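# Topology and contacts: notes
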Amino acid sequence: MRHITDAMIDAALTPADAQAVLRDALERLGRGEAAMQERIRTEAGGVKLSTLGAVIPGQSVAGAKVYTTIAGQFNFVILLFSTEDGRPLASLDAGAITRLRTAACSVIAARHLARPHARRLGLLGCGVQGQAHALQMSAAYALSGIRVFDPHAAADTIAMLQRRCGVPVERCATAEAAVADADIVVTASRSTEPLFRGEHLPAGCFVAAIGSSLPHTRELDDTALRRASRIAVEWKPQTLREAGDLVRAAPDALLPEGKLVELADLVTGHAPGRLGAEEITLYKSVGIGLQDVALAGLAWRRLACG
């Protein structure tokens, strides 16, 4: 059984590769041709062990991601199996896969929920995931600029991001300044409370909230949720248990019925995406096993089979 490292994955897979295989996996999920395990967290002595997995026969793989969380730091590994004969195929470092798949799914959601000619990105949180989202969004859309709010970002982060994205990047003193006039907003923080008041979201924007996956934390307030015409999630059974943005929301913030949809239903056309230019739309991500296993399977095929 081969071990595939983060460096090998970064060298072999592109964001476009990730978006393609994840879209295929979501289509299969939407047709009932794939299944998932919800994340299970076990904790003792300040050490947390989390597991989540998926079975995707149409991609010939099943597997699980297992990771530890200690003092807020994550260490990931994926175990991959064949659905044809059940044999173990590979173990994989999953840092690169987690970075790639999270941003790739935000781009997939944006294709259905953002305005097609989006030009301005507001980025709240400029860590690993924030940077990955800036890179993939700037490749997917002809951005004219990125505004960043992150009080903890290193001094050279803005210049580095501008070089990598190829568009002007401006540092903002407040979250409200970063979202002003934005077509796309990405929240990639570890905030436990809303980053800004929802009234500051401009009409017509799309928000990808990807920074929190714990029921006591949230990046968006009830006003932002109420103003949204559509809220897409990866998978309701897991998201409605984990996403504090939704768990802590007032009941009316998620109404009317049908406002909350799964990403697979958008991809398969079973649910409509954006219907009007002035709508505010949201995508709330917590990370699901389908994403990890699909991308791990692609890495295996690319590196071990050909």
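Note that this is a predicted model, so its numbers are computed, not measured.

Calculation criteria
Residues numbered from 1 in each chain as written. Predicted model: local features only at pLDDT ≥ 70, side-chain atom pairs only at ≥ 80, totals over all residues. Heavy atoms only, no water. Patch = residues over 30% accessible without salt bridge, like charges linked within 9 Å, V, L, I, M, F, W, Y side chains within 5 Å. Areas by Shrake-Rupley, 256 points an atom, 1.4 Å probe, with all protein chains shown as cover. Salt bridge = Lys/Arg side-chain N within 4 Å of Asp/Glu carboxyl O. Helix = DSSP H or I, 4+ residues; strand = E, 2+ residues; numbered from the N terminus. Buried < 20%, exposed > 50% of the residue type's maximum accessible area, 1.4 Å probe, protein only. Pairing = 2+ DSSP bridges. Right-handed = clockwise from strand over helix to strand, strands pointing away. Core = buried A, V, L, I, M, F, W, Y, C linked by side-chain atoms within 4.5 Å. Contact = heavy atoms within 4.5 Å. Phe/Tyr/Trp six-rings, centres within 6.5 Å; stacked < 30°, edge-to-face > 60°. Axes fitted to C-alpha atoms, helices over the stretch in contact; angles between N-to-C directions. Expected span 1.5 Å × (residues − 1).

Taken together, Met1, Leu79 and Phe81 make up a surface patch of nonpolar side chains, about 300 Å² in accessible area. Within the secondary structure layout, Leu79 lies in strand S5 (residues 73–82).

The next point concerns unusual backbone geometry. In this structure, Pro256 follows Leu255 across a cis peptide bond, with omega equal to 10°. Among the structural elements, Pro256 can be located in the loop between helix H9 (244–247) and strand S13 (260–262). Phi at Ser60 takes a positive value of approximately 65°, unusual for a residue other than glycine. Structurally, Ser60 is set in the loop between strand S3 (47–56) and strand S4 (61–70). Its identity as a non-glycine residue notwithstanding, Asp181 has a phi of 65°, on the positive side. Tracing the backbone through its elements, the reader meets Asp181 in the loop between helix H6 (175–179) and strand S10 (184–187). Using a relative accessible area of 51% as the deciding quantity, one classes Asp181 as exposed.

With that settled, consider the pattern of salt bridges. A full pass over the atoms with the stated rule returns 20 salt bridges. Close ionic contact of Arg28 with Glu33 constitutes a salt bridge, the shortest N to O distance being 3.8 Å. Residue Glu33 is classed as partly exposed on the basis of its relative accessible area of 36%. Between Arg87 and Asp85 there is a salt bridge whose closest N-O contact spans 3.1 Å.

Here the focus is the pairing of strand S7 (residues 120–124). Counting buried residues in S7 gives four out of five residues, a clear majority hidden from the surface. Bridge count between S7 and strand S8 (residues 145–149): five bridges; the pairing is parallel. Paired with Gly122 across the strands is Arg147, a residue of S8. For the handedness criterion, the β-α-β arrangement of S7, helix H4 (residues 128–140) and S8 is classed as right-handed. Bridge count between S7 and S10: four bridges; the pairing is parallel. By the bridge assignment, Leu123 is partnered in S10 with Val186.

This paragraph deals with the nonpolar core. Counting 73 residues, the largest nonpolar core has Ile9, Leu92, Tyr141, Ile146, Ile184, Phe206 and Leu290 as the members making the most contacts within it. By residue number, the principal contributor to this core is helix H3 (residues 95–113), which donates 10 residues. Once residues within four sequence positions are removed from consideration, Ile9 is found in contact with Ile4, Leu92, Asp93, Ala96, Ile97, Leu100 and Ala299. Core analysis: the next-biggest nonpolar cluster, separate from the first, contains 28 residues, Ala175, Leu195, Ala224 and Ala243 among them.

Looking now at the packing of aromatic side chains. Applying the stated rule across the entire model yields three aromatic pairs. Summarising the aromatic geometry, the rings of Tyr67 and Phe76 are spaced 4.9 Å apart at their centres and angled 45° between planes, so their arrangement reads as tilted. Overall, the relative accessible area of 22% leaves Phe76 in the partly exposed class. Considering the side-chain rings of Phe74 and Phe76, the 5.8 Å spacing of their centres and the 15° angle between planes classify their relative orientation as stacked. Cluster of aromatic residues (ring-pair linked, three or more members): Tyr67, Phe74 and Phe76.

Pairing is mixed across the open sheet formed by six strands, whose spatial order is S1-S6-S5-S4-S3-S2. Strands at the two margins of the open sheet, each flanked by one partner only, are strand S1 (2–4) and strand S2 (35–44). The mean inter-strand angle of the sheet, taken between neighbouring strand axes irrespective of direction, is 15°. Pairing between S4 and S5: 10 bridges, direction antiparallel. By the bridge assignment, Thr68 is partnered in S5 with Asn75.

Turning next to helix H11 (residues 289–304). Its 16 residues place the ends of H11 22 Å apart at the C-alpha level, agreeing with the 22 Å of an ideal helix rising 1.5 Å per residue. Burial analysis of H11 places 12 of its 16 residues in the buried class, the great majority of the element. All of the buried residues in H11 are Gly289, Leu290, Gln291, Asp292, Val293, Ala294, Leu295, Ala296, Gly297, Leu298, Ala299 and Trp300.

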